[in-house]
Amino acid sequence: MAIEVGLRRLTLADLDRLAALEGCQPRHWSRGQLEAALLDSECRVWGAELGERLVGHAVIARLPYAAELQAMLVAPDMRRRGLAARLLEAVVEQSRQWGSERLLLEVRAGNVPAIALYRRAGFGEDGRRRGYYPPLEEAADAHREDAVLMSRRP
Ligand SMILES: CC(C)(COP(=O)(O)OP(=O)(O)OC[C@H]1O[C@@H](n2cnc3c(N)ncnc32)[C@H](O)[C@@H]1OP(=O)(O)O)[C@@H](O)C(=O)NCCC(=O)NCCS
């Protein structure tokens, strides 16, 4: 079921809620990394809010000729309602405003939901970095995962 959320650029005042949301997944960004992104003039952190609740975020960075989507998360109980698709629209618009030639991202090869999301939003696969990501879990048989490099024109 689609849902109406508000989208806005997050600031340092949102750090507590942002760190709490990010903390719901393994291998998440630390509070310090999120704080640095909020303070970096070459970064934007977009948030999706349902009333007072922060339910999703996306981090985008400005590079010399491109922009990079560095993080994207929707709260587990709010998934499949179009929130990430809306956040991606804000990210694309941001990269347009920066005049970026490409919008880049990297995603774990096993992240089926995210890859489906990005393909649907017009991203194509450019290549892979073999064994780029450490395992998500510490299990003895856990192995490193490839990164899929994707991009689209803003
Ligand atoms: C990936 C993620 C951000 C998607 O968020 P979401 O709000 O559920 O995505 P949306 O509802 O906007 O989905 C848009 C489209 O993406 C695709 N998609 C999203 N989740 C999917 C899933 N679990 N399986 C298959 N396709 C999926 C579908 O095409 C979907 O459209 P549909 O629902 O009409 O079929 C969310 O699952 C998440 O936070 N995952 C953990 C963090 C993560 O992996 N971030 C990406 C790191 S690169």
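Check the entry above for the structure.
Here the structure is a predicted model, which means the values were calculated and not measured. (Residues numbered from 1 in each chain as written. Predicted model: local features only at pLDDT ≥ 70, side-chain atom pairs only at ≥ 80, totals over all residues. Heavy atoms only, no water.)

Description of the overall build of the chain
Then, in step 1: Looking only at helices and strands, the chain has four helices and seven strands in total.
Then, in step 2: Beginning at the N terminus, the succession of helices and strands in the chain can be written as β-α-α-β-β-β-α-β-α-β-β.
Then, in step 3: Rg of the C-alpha trace for the chain: 15 Å, near the compact-globule value of 15 Å for 154 residues, within the 12% margin.
Then, in step 4: For the chain, the spread of C-alpha atoms along the principal axes amounts to about 40 × 35 × 35 Å.
Then, in step 5: The burial tally for the chain puts 41% of its 154 residues in the buried class.
Then, in step 6: Surface summary for the chain: the accessible area is close to 8,700 Å², and the carbon and sulfur share equals 50%.
Then, in step 7: Here the chain contributes 23 positive and 22 negative side-chain charges, whose respective centroids are spaced 4 Å apart. (Helix = DSSP H or I, 4+ residues; strand = E, 2+ residues; numbered from the N terminus. Rg over C-alpha atoms; globule rule 2.2 N^0.38 Å. Buried < 20%, exposed > 50% of the residue type's maximum accessible area, 1.4 Å probe, protein only. Areas by Shrake-Rupley, 256 points an atom, 1.4 Å probe, with all protein chains shown as cover. Lys, Arg positive; Asp, Glu negative; His and termini not counted. Charge placed at Lys NZ, Arg CZ, Asp CG, Glu CD.)

A few points about the site of the ligand
Then, in step 1: Inspection of the region around the ligand gives 20 residues, with Met72, Arg80, Gly82, Asn111 and Arg120 positioned closest.
Then, in step 2: Contact between the ligand and Arg81: an oxygen atom at 3.2 Å from a main-chain N or O atom of the residue.
Then, in step 3: Elements that contribute at least two residues to the shell around the ligand include exactly strand 4 (66-74), helix 3 (83-98), strand 5 (102-108) and helix 4 (112-120).
Then, in step 4: Among the elements that line the shell around the ligand, the one with the most residues is helix 4, at six residues.
Then, in step 5: Considering only residue class, the shell around the ligand consists of 12 nonpolar, three polar and five charged. (Near = heavy atom within 4 Å. Polar contact = N/O pair within 3.5 Å; in protein donor to acceptor, adjacent residues only side chain to side chain. Nonpolar A, V, L, I, M, F, W, Y, C, P; charged D, E, K, R; others polar.)

A short note on the pattern of salt bridges
Oppositely charged side chains are able to pair whenever their charged atoms sit close together.
Then, in step 1: Inspection of the entire model under this criterion finds 13 salt bridges.
Then, in step 2: Ionic pairing is found between Glu4 and Arg86, a salt bridge with its closest N-O pair at 4.0 Å. Here the residue Glu4 occupies a position in the segment before strand 1 (6-9), and Arg86 occupies one in helix 3, the gap between them amounting to 82 residues.
Then, in step 3: Relative accessible area serves as the criterion here: at 67%, Glu4 is assigned to the exposed category.
Then, in step 4: The partner of Glu125 in a salt bridge is Arg119, and the shortest N-O contact between them spans 3.4 Å.
Then, in step 5: On the basis of relative accessible area, Arg119 is assigned to the partly exposed category, the value being 44%. (Salt bridge = Lys/Arg side-chain N within 4 Å of Asp/Glu carboxyl O.)

What to know about the nonpolar core
Then, in step 1: Counting 43 residues, the largest nonpolar core has Leu69, Met72, Val107 and Tyr118 as the members making the most contacts within it.
Then, in step 2: Looking at this core element by element, the count peaks at eight residues for helix 3.
Then, in step 3: Not counting chain neighbours up to four residues away, the residues in contact with Met72 comprise His57, Ala58, Ala84, Leu87, Leu88 and Tyr118. (Core = buried A, V, L, I, M, F, W, Y, C linked by side-chain atoms within 4.5 Å. Contact = heavy atoms within 4.5 Å.)

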